[in-house]
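Here is what each chain is made of, one letter per residue.
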Amino acid sequence: MKTLIIYTHPNHESLSYAFLQKTLAGIGDNPIIEDVQVLDLYAENFNPVLVFNANKRRRDMHADPALAKYREQLLWADKIVFVYPIWWGRPPAMLLGFIDQMFASGFAYRDKGGLLPEGLLKGKSVVCISTMKGPAFYPLYWLGNSHKILMRKALFQYVGIKKVKFFEFGSMESSKGRHEQKLNKVYHYFKALTS
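Quantities reported herein were computed from a predicted structural model and do not represent experimental measurements.

### A short note on the packing of helix α1 (residues 15-28) against helix α6 (residues 179-192)
Logical step 1: In contact at an axis separation of 7 Å, α1 and α6 are set at 35° when each is read in the N-to-C sense. For the element pair α1 and α6, the recorded crossing hand is right-handed. Along the contact surface, α1 presents Leu15, Ala18, Phe19, Lys22, Thr23, Ala25, Gly26 and Ile27, while α6 presents His179, Lys182, Leu183, Asn184, Val186, Tyr187, Phe190 and Lys191.
Logical step 2: Residues belonging to the contact of α1 with α6 are distributed by class as follows: 9 nonpolar, 4 polar and 3 charged.

Laid out in C-alpha cells, this is it:
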C-alpha cells in the first residue's frame, strides 16, 4: 500500500504536527504499507491562489506543468491521508486551495453530460485527521455536519473515492482534551491498517 500524507498546518510545534508524527509512527510499524510520502503544503510554499486569465485557463488546469509533481503523487497513492485543523468549520484555506487546483476536471473527474461526472480517482481511499478547539459535537449539531459533507460528498465521492475515514477530534485546546489518548488512537489505526 502506497500512502500519501498531505499535511496542512504552518506550525511544526502544533498538535496537528503531533498527529502527523503518530500517523508516520503507525505506518512505520505496519508491514503492509510499503511506501509513504509526506506533502507539507506550508513547507512546500504551495500557492493556493487560483489564477485564470488569457494565458491560464481553467479548462487547462489538469495539465498545468507547475502542478505535475502533485498530480503524480495523487496518482501514485493508494491511500491519501489529510492532516489539518478545522478553522471556522472547514479546512484551512491552504488545503482548500490545493483541492481547488488538484482535483480538476480532466484529472480527478470527467464530465459525461449528466448530473454526476465520472470519477477518475476510483480505487483510492482517504483518511481525514482533523482537530478543532470546539467540542467534537459542534460540527455535527451546530454546523449540520458540514465538514464531513464537504469532504466526503462534495469532493471525494465526486472524484470516485468511496472509502473515507474521519478522525475529527474536538476540545483540543483544553487540558481535558485527552490528547495522548487521541494521538494513540491514530497510531493504532495506522499500525493495524490492512487496506
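After presenting the structure, the write-up continues.
### Re the pairing of strand β1 (residues 2-7)
Logical step 1: Of all 6 residues that make up β1, 5 are buried, and the element is covered over most of its length.
Logical step 2: Both β1 and strand β2 (residues 35-40) contribute to a ladder of 6 bridges, which runs parallel. Counterpart to Thr3 in the pairing with β2 is Val36.
Logical step 3: As defined by bridge partners, β1 adjoins strand β3 (residues 79-85) across 5 bridges and the pair is classed as parallel.

### Focus: unusual backbone geometry
Logical step 1: Positive phi outside glycine occurs at Asn45, with the angle close to 55°.
Logical step 2: Note on placement: Asn45 falls in the loop between β2 and α2 (68-76).
Logical step 3: With relative accessibility at 65%, the residue Asn45 sits in the exposed group.
Logical step 4: Even without being glycine, Trp88 reaches a positive phi, approximately 55°.

### Some points on helix α5 (residues 146-156)
Each α-helix winds once per 3.6 residues, and so residues spaced three or four apart point in a common direction.
Logical step 1: Of all the positions in α5, only His147, Met151, Leu155 and Phe156 are classed as buried. All buried residues of α5 fall inside an arc of 75° around its axis, so they share one side. Looking at α5, the residues exposed on the side facing more than 90 degrees away from the buried face are Lys153 and Ala154.

### A look at the sheet that holds β1
Logical step 1: Read from one edge of the open sheet, 5 strands run β2-β1-β3-β6-β7, paired in parallel fashion. The open sheet is flanked by β2 and β7 (163-169), the only strands paired with a single partner. Strand-to-strand, the axes of this sheet are offset by a mean angle of 15°, without reference to chain direction.

### Thoughts on α6
Logical step 1: Counted at 1.5 Å a residue, the expected span for α6 with its 14 residues is 20 Å, and the 20 Å between its end C-alpha atoms agrees.
Logical step 2: Taken together, the buried positions of α6 are occupied by Lys182, Leu183, Val186, Tyr187 and Phe190. Down the axis, α6 shows its buried residues gathered within 140° of arc, on one side only. For α6, the exposed residues lying more than 90 degrees away from the buried face are Glu180 and Ala192.
Logical step 3: Residues of α6 that are buried in the fold lie against α1, β3, β6 (125-131) and β7.

Cut-offs used in this document
Residues numbered from 1 in each chain as written. Predicted model: local features only at pLDDT ≥ 70, side-chain atom pairs only at ≥ 80, totals over all residues. Heavy atoms only, no water. Axes fitted to C-alpha atoms, helices over the stretch in contact; angles between N-to-C directions. Helix = DSSP H or I, 4+ residues; strand = E, 2+ residues; numbered from the N terminus. Left-handed = near helix turned anticlockwise from the far one by under 90°. Contact = heavy atoms within 4.5 Å. Nonpolar A, V, L, I, M, F, W, Y, C, P; charged D, E, K, R; others polar. Buried < 20%, exposed > 50% of the residue type's maximum accessible area, 1.4 Å probe, protein only. Pairing = 2+ DSSP bridges. Arc of directions from axis to C-beta. Expected span 1.5 Å × (residues − 1).

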